[in-house]
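A look at the structure
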Amino acid sequence: MSSISMRKTTLAAAGLAVAGTLVLTGCKDGNEELTPAAPSAPAAQPSQPGGYATPPAGAPSSPAAGGYDGASGAPAAGGGAVAKSGQAFKMGETATVPFSYGNNKGGQIALTVTGIEAGTPADLSALNLGDKAKGKSPFYIRYTIKNTGTTDLSFTSVGHMKGLLDGGSEADTVLTIGKFEKCPSDSLPKGFTNGQTQTSCAIALAPTGTKVTGAEYWGDPYNNLSSPPQKGLTWK
């Protein structure tokens, strides 16, 4: 995919307990996943959720651990090799990934997509997506994160996981604020040091009659912001 990318539009809808953000299908510019944000605090929050638009965020994050650019299988802490740009995995296989988040630099995680489960359109009612989700069904990408490095990753988030449709095109992605029991995606807990493991989940939407059959991780350095640009890691 070219580093000159299509514009991606994001629409958000905020609810009282949980909110969803629908990221419409389009090419990505890099490490630009959006965290849903509540609207500016009004004098009194309305009893019914309202919709609002959020511009894409294109600011690059810090370089990956040790300056690794994803182009080659660099040695990983504890043996083995860091996943290469564009490397493909089968469901249940593990990718060793350099990981930095905020002030937590130089980390390393083992990332495993364990499966993809089909949901129902009714699942989305709690997210208040309205017509933006009409004619689409959710699929839940389940994955595990294990800290295999020496950096304490307490309170960080491992996102940048999206769905792939039957033909390999990108599925729409839903990000959430609050607790969505069908697909929990909590931040890593306090004390998430070497050997600690947590499960997570990403929500992908497929048009009626199609399925989400694969997943792609596109966090740093596996995106267009790396130099040279890199490709995401895939599971099918």
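Here's what I pulled together on the structure shown here.

Criteria and cut-off values
- Residues numbered from 1 in each chain as written.
- Predicted model: local features only at pLDDT ≥ 70, side-chain atom pairs only at ≥ 80, totals over all residues.
- Heavy atoms only, no water.
- Disulfide = S-S within 2.5 Å.
- Helix = DSSP H or I, 4+ residues; strand = E, 2+ residues; numbered from the N terminus.
- Buried < 20%, exposed > 50% of the residue type's maximum accessible area, 1.4 Å probe, protein only.
- Core = buried A, V, L, I, M, F, W, Y, C linked by side-chain atoms within 4.5 Å.
- Contact = heavy atoms within 4.5 Å.
- Phe/Tyr/Trp six-rings, centres within 6.5 Å; stacked < 30°, edge-to-face > 60°.

With that settled, the discussion passes to the state of the cysteines. Here the structure, examined in full by the defined rule, presents one disulfide. Linked covalently through their sulfurs, cysteine 183 and cysteine 201 form a disulfide whose S-S length is 1.8 Å. Since a negative S-S torsion denotes a left-handed disulfide, the cysteine 183-cysteine 201 link at about -100° is left-handed. Of this pair, cysteine 183 sits in the loop between strand E9 (172-177) and strand E10 (197-207) while cysteine 201 is found in strand E10, placing the two residues 18 residues apart along the sequence. With respect to burial, cysteine 183 and cysteine 201 carry one shared label: buried.

Ranked by size, the top nonpolar core spans 29 residues in total, and within it Leu111, Met161, Tyr217, Leu233 and Trp235 carry the most contacts. Secondary structure elements with two or more residues in this core: strand E5 (94-101), strand E6 (104-118), strand E7 (136-147), strand E8 (161-165), E10, strand E11 (212-217) and strand E12 (233-235). Sort the elements by how many residues they give to this core and E7 lands first, with four residues. Setting aside residues up to four positions removed in sequence, leucine 233 forms contacts with Ala83, Lys84, Gly86, Gln87, Phe89, Ala95, Val97, Ala215, Glu216, Tyr217 and Tyr222.

All chains considered together, the criterion is met by four aromatic pairs. Measuring from ring centre to ring centre gives 5.3 Å for phenylalanine 89 and tryptophan 235, while their planes differ by 25°; the resulting arrangement is stacked. Taken together, the residues phenylalanine 89 in strand E4 (residues 88-89) and tryptophan 235 in strand E12 connect sequence positions 146 residues apart. One exposure class covers both phenylalanine 89 and tryptophan 235, and it is buried.

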